[in-house]
Amino acid sequence: MDYGFHAPTMSFPVAGTLMIEPTESEPKAELDRFCDALIAIREEIRAIEDGTADGGDNALKNAPHTARELTADEWTHPYSREEAAFPAPWCARTSSGHSWAASTTRTGIGI
């Protein structure tokens, strides 16, 4: 949900694997955006693995960040508020034409 998606149908057909089965009605552009989100999540994991991101205090582990936390006077995390609220470029788009709902799931506002 952090990247603006609700969980698709998933199963674990073979130990150590994950099968994701989107609905047939999803347009290719939306499937591509979903793949981009999965790749971005993998990069968040890689940053923890290689020490670029703090292992205990990082945007992935602390997600979702609530609107209260994001707007508080004090920010104690080693990553930016923007990274917490908008993990991908499409999450930062506003309701003036694009996906505002994507950003609200990351911040814990939800719709």
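This text follows the structure it describes.
Residues numbered from 1 in each chain as written. Predicted model: local features only at pLDDT ≥ 70, side-chain atom pairs only at ≥ 80, totals over all residues. Heavy atoms only, no water.

J.: What's the story with the overall build of the protein in this structure? I'm lost.
T.: The secondary structure content of the protein amounts to five helices and two strands. Looking at the protein as a whole, 23% of its 111 residues are labelled buried. For the protein, the computed accessible surface area is about 7400 Å², with 58% contributed by carbon and sulfur atoms. (Helix = DSSP H or I, 4+ residues; strand = E, 2+ residues; numbered from the N terminus. Buried < 20%, exposed > 50% of the residue type's maximum accessible area, 1.4 Å probe, protein only. Areas by Shrake-Rupley, 256 points an atom, 1.4 Å probe, with all protein chains shown as cover.)

J.: What is the right way to look at unusual backbone geometry in this model?
T.: Across residues other than glycine, the phi torsion is negative in most instances, and most of the peptide bonds are trans. With an omega dihedral of -5°, the bond running from A63 to P64 counts as a cis peptide bond. For P64, the position within the fold is in the loop between α2 (59-62) and α3 (67-71).

J.: Could you clarify how one ought to interpret the pattern of salt bridges in this entry?
T.: Between side chains of opposite charge, a pair can form as their charged atoms come close. In total, this model carries four salt bridges according to the counting rule given. Measuring nitrogen to oxygen at the nearest pair gives 3.2 Å for the salt bridge that ties E49 to R42. By relative accessible area, which is 55% here, E49 ends up exposed. Linking R46 and E43 is a salt bridge whose minimum nitrogen-to-oxygen distance equals 3.3 Å. On the criterion of helical spacing, the pair formed by R46 and E43 is a turn pair, its members being three residues apart in helix α1 (residues 28-49). R46 gets classed as partly exposed once you look at its relative accessible area, which sits at 35%. (Salt bridge = Lys/Arg side-chain N within 4 Å of Asp/Glu carboxyl O.)

J.: Mind showing me how you'd approach a nonpolar patch on the surface here?
T.: Together, M10, F12 and L18 line one region of the surface with nonpolar side chains, adding up to about 330 Å² of accessible area. Here L18 lies in the loop between β1 (9-11) and β2 (19-21). (Patch = residues over 30% accessible without salt bridge, like charges linked within 9 Å, V, L, I, M, F, W, Y side chains within 5 Å.)

J.: Would you explain the packing of aromatic side chains in this entry?
T.: Two aromatic rings are characterised by how far apart their centres lie and by the angle between their planes. Enumeration according to the criterion identifies one aromatic pair in this entry. Between W75 and Y79 the ring centres are 5.8 Å apart and the planes differ by 85°, which places this aromatic pair in the edge-to-face class. Neither residue differs from the other here; W75 and Y79 are each classed as buried. (Phe/Tyr/Trp six-rings, centres within 6.5 Å; stacked < 30°, edge-to-face > 60°.)

J.: Sorry if this is basic, but what is going on with the side chain of N58 here?
T.: Along the chain, N58 turns up in the loop between α1 and α2. Judged by its relative accessible area of 4%, N58 falls in the buried class. A polar side-chain atom of N58 sits 3.2 Å from the main-chain amide nitrogen of L60. Setting aside chain neighbours within four positions, we find N58 in contact with I48, A53 and Y79. (Polar contact = N/O pair within 3.5 Å; in protein donor to acceptor, adjacent residues only side chain to side chain. Contact = heavy atoms within 4.5 Å.)

J.: I'm lost on the environment of P89 in this one. Help?
T.: Inspection of the secondary structure assignment puts P89 in the loop between α4 (81-85) and α5 (100-107). For the pair P89 and Y3, spaced 86 residues apart in the sequence, the C-alpha separation amounts to 9.6 Å.

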